[in-house]
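# Observations on the three-dimensional arrangement
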Amino acid sequence: MIKTFTQNDLIRFVYQETHAEENIEIETAAIFDEELADELNALKRTISALDLVERTPSFKSIDKILSYSKSYDLHSSK
Amino acid sequence: MRKYEVSDSQLISLYKNGSEDAFTELVTRHKNKIFTTIYMIVKDHDLAEDLLQETYVKVVNTVKSGRYNEEGKFLPWVTRIAHNLAIDHFRKAKRYPTIVLEDGSNVFNSLEFSEDSIEDRQIKEDTHTLLRELIQELPDSQREVLMMRHYMQMSFQEIAEVTDVSINTALGRMRYALINLRKRMDKLNVAYDKNLYPE
């Protein structure tokens, strides 16, 4: 019998919060259930879009952070 | 989501033992997510840069003084520091601490698009600006969960605890956030834009 999954199960799956056994069940079900596969793909595409709005800090900021760490012993002993 | 050969906790252990390379990897690995979390709150690129540096000063001080709690995950911990600093900034400035988005006038991530034409870059900037606006337009409860799960990398269980709701409610809010976002993207015809999903 093919197990049915709730929408919340699918959200947990795409955010990798399902257990290994659940992963196999969902992945297997998606092979036979076109509607489920479409739902998963739609969720993944929306989540991918969220990654695209990420912004990048300047190299200067990153350099300052790394320099602060390297010189920590100097400024912490003052 | 990306999987790394060396985990964050392994990198933290190396860093505690003096490896600055491990710290460089940690910073590089998560800089965009943390910076985006801050930027979405303060909506000012320069201020977000300052707060990112301030966040990592706290991280360095905590780890190097041996006060880092091994039980928690690194990224959620750092993003919470960043989130709190950004909110504190609003409190000090007596402004309402809400997640706000850019008005489209700022240059977005120009390095990433360095090989594109000016026109292509403009299209991508516009698309990304639109996406940020769509996120901003989500109901507060949905946007909050989306920010916490996607950018702050908190688990649904952690979100449920912080927002004082059941895990099913947190999952439901995330589901509606994604559904709403998807609908709006479809409506505005950005869902299958080649700029979003290059072949």
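Keep in mind that what you see is a predicted model, and the values were worked out from it rather than measured.

When helices and strands are tallied, chain A shows five helices and zero strands. From first element to last, N terminus to C terminus, chain A shows the α and β order α-α-α-α-α. Classification of the 78 residues of chain A by burial places 41% in the buried group. Within chain A, counting contacts between residues at least 6 apart in sequence, those at least 24 apart form 46% of the total. Here chain A has roughly 4,700 Å² of accessible surface; of this, 54% comes from carbon and sulfur atoms.

We now examine the confidence of the model for chain A. Per-residue confidence for chain A gives a mean pLDDT of 88; residues scoring 70 or more make up 92%. Confidence, expressed as mean pLDDT per element, reaches its minimum in chain A at helix α5 (residues 72-76) of chain A with 75 and its maximum at helix α4 (residues 59-70) of chain A with 95.

Residues and elements named next belong to chain B. Although it is not a glycine, Gln-153 adopts a positive phi angle of roughly 60°. Residue placement: Gln-153 occurs in the loop between α6 (140-151) and α7 (156-163). Its identity as a non-glycine residue notwithstanding, Asp-164 has a phi of 60°, on the positive side. By the secondary structure assignment, Asp-164 is in the loop between α7 and α8 (167-187). By relative accessible area, Asp-164 is classed as exposed at 68%.

Let us now look at the packing of aromatic side chains. Here a ring pair, both rings aromatic, is described through the centre-centre distance and the interplanar angle of the planes. All names here are of chain B. According to the stated counting rule, one finds five aromatic pairs over all chains in the structure shown. Between Phe-23 and Tyr-56, the aromatic rings sit 6.0 Å apart at their centres with planes inclined by 75°, giving edge-to-face as the arrangement. With Phe-23 in helix α2 (residues 20-42) and Tyr-56 in helix α3 (residues 45-64), this pair connects stretches of sequence that are 33 residues apart. The pair Phe-23 / Tyr-56 is uniform in exposure class, with both members buried. These aromatic residues form a ring-pair network of at least three members: Tyr-15, Phe-23 and Tyr-56.

Turning next to a negative patch on the surface. All names here are of chain A. A cluster of acidic residues, Asp-33, Glu-34, Glu-35 and Asp-38, forms a negative patch at the surface. Here Asp-38 shows up in helix α3 (residues 34-52). For Asp-38, a relative accessible area of 45% gives the class partly exposed.

Interface size is commonly expressed as the accessible area that is lost once the parts come together. With 34 residues of chain A at the interface, the matching set in chain B holds 53 residues. Buried area between chain A and chain B, both sides added, is near 4,200 Å², and the carbon and sulfur share of it is 63%. Between chain A and chain B we count three salt bridges in total. Those elements giving two or more residues to the side of chain A that touches chain B turn out to be α1 (7-14), α3 and α4 of chain A. No other element matches α3 of chain A, which puts 10 residues into the side of chain A that touches chain B. Taken together, the residues that form the side of chain A that touches chain B break down as 17 nonpolar, nine polar and eight charged.

Before going further, it helps to examine the packing of α3 of chain A against α6 of chain B. Running from N to C, α3 of chain A and α6 of chain B cross one another at 80°; their axes reach a closest spacing of 11 Å. The angle between α3 of chain A and α6 of chain B places the two elements in the roughly perpendicular class. Here Ile-47, Leu-50 and Asp-51 of chain A of α3 of chain A come into contact with α6 of chain B, specifically with Leu-146, His-150 and Tyr-151 of chain B. Its residues assigned to classes, the contact of α3 of chain A with α6 of chain B comprises four nonpolar, one polar and one charged.

Turning next to the pattern of salt bridges. The tally for this structure, following the rule as stated, stands at 11 salt bridges over all chains. Arg-80 of chain B is the salt-bridge partner of Glu-158 of chain B, the closest N and O atoms lying 3.9 Å from each other. Of this pair, Glu-158 of chain B sits in helix α7 while Arg-80 of chain B is found in helix α4 (residues 74-92), placing the two residues 78 residues apart along the sequence. Its relative accessible area of 25% is what places Glu-158 of chain B among the partly exposed residues. The network of salt bridges with shared partners includes Asp-9, Arg-12 and Glu-22 of chain A.

Conventions and cut-offs
- Residues numbered from 1 in each chain as written.
- Chains lettered and ligands numbered in written order.
- Predicted model: local features only at pLDDT ≥ 70, side-chain atom pairs only at ≥ 80, totals over all residues.
- Heavy atoms only, no water.
- Helix = DSSP H or I, 4+ residues; strand = E, 2+ residues; numbered from the N terminus.
- Buried < 20%, exposed > 50% of the residue type's maximum accessible area, 1.4 Å probe, protein only.
- Contact = heavy atoms within 4.5 Å.
- Areas by Shrake-Rupley, 256 points an atom, 1.4 Å probe, with all protein chains shown as cover.
- pLDDT = per-residue confidence, 0-100.
- Phe/Tyr/Trp six-rings, centres within 6.5 Å; stacked < 30°, edge-to-face > 60°.
- Patch = residues over 30% accessible without salt bridge, like charges linked within 9 Å, V, L, I, M, F, W, Y side chains within 5 Å.
- Salt bridge = Lys/Arg side-chain N within 4 Å of Asp/Glu carboxyl O.
- Lys, Arg positive; Asp, Glu negative; His and termini not counted.
- Charge placed at Lys NZ, Arg CZ, Asp CG, Glu CD.
- Buried area = accessible area lost by both parts, 1.4 Å probe.
- Nonpolar A, V, L, I, M, F, W, Y, C, P; charged D, E, K, R; others polar.
- Axes fitted to C-alpha atoms, helices over the stretch in contact; angles between N-to-C directions.
- Parallel < 35°, antiparallel > 145°, perpendicular 65-115°, else oblique.

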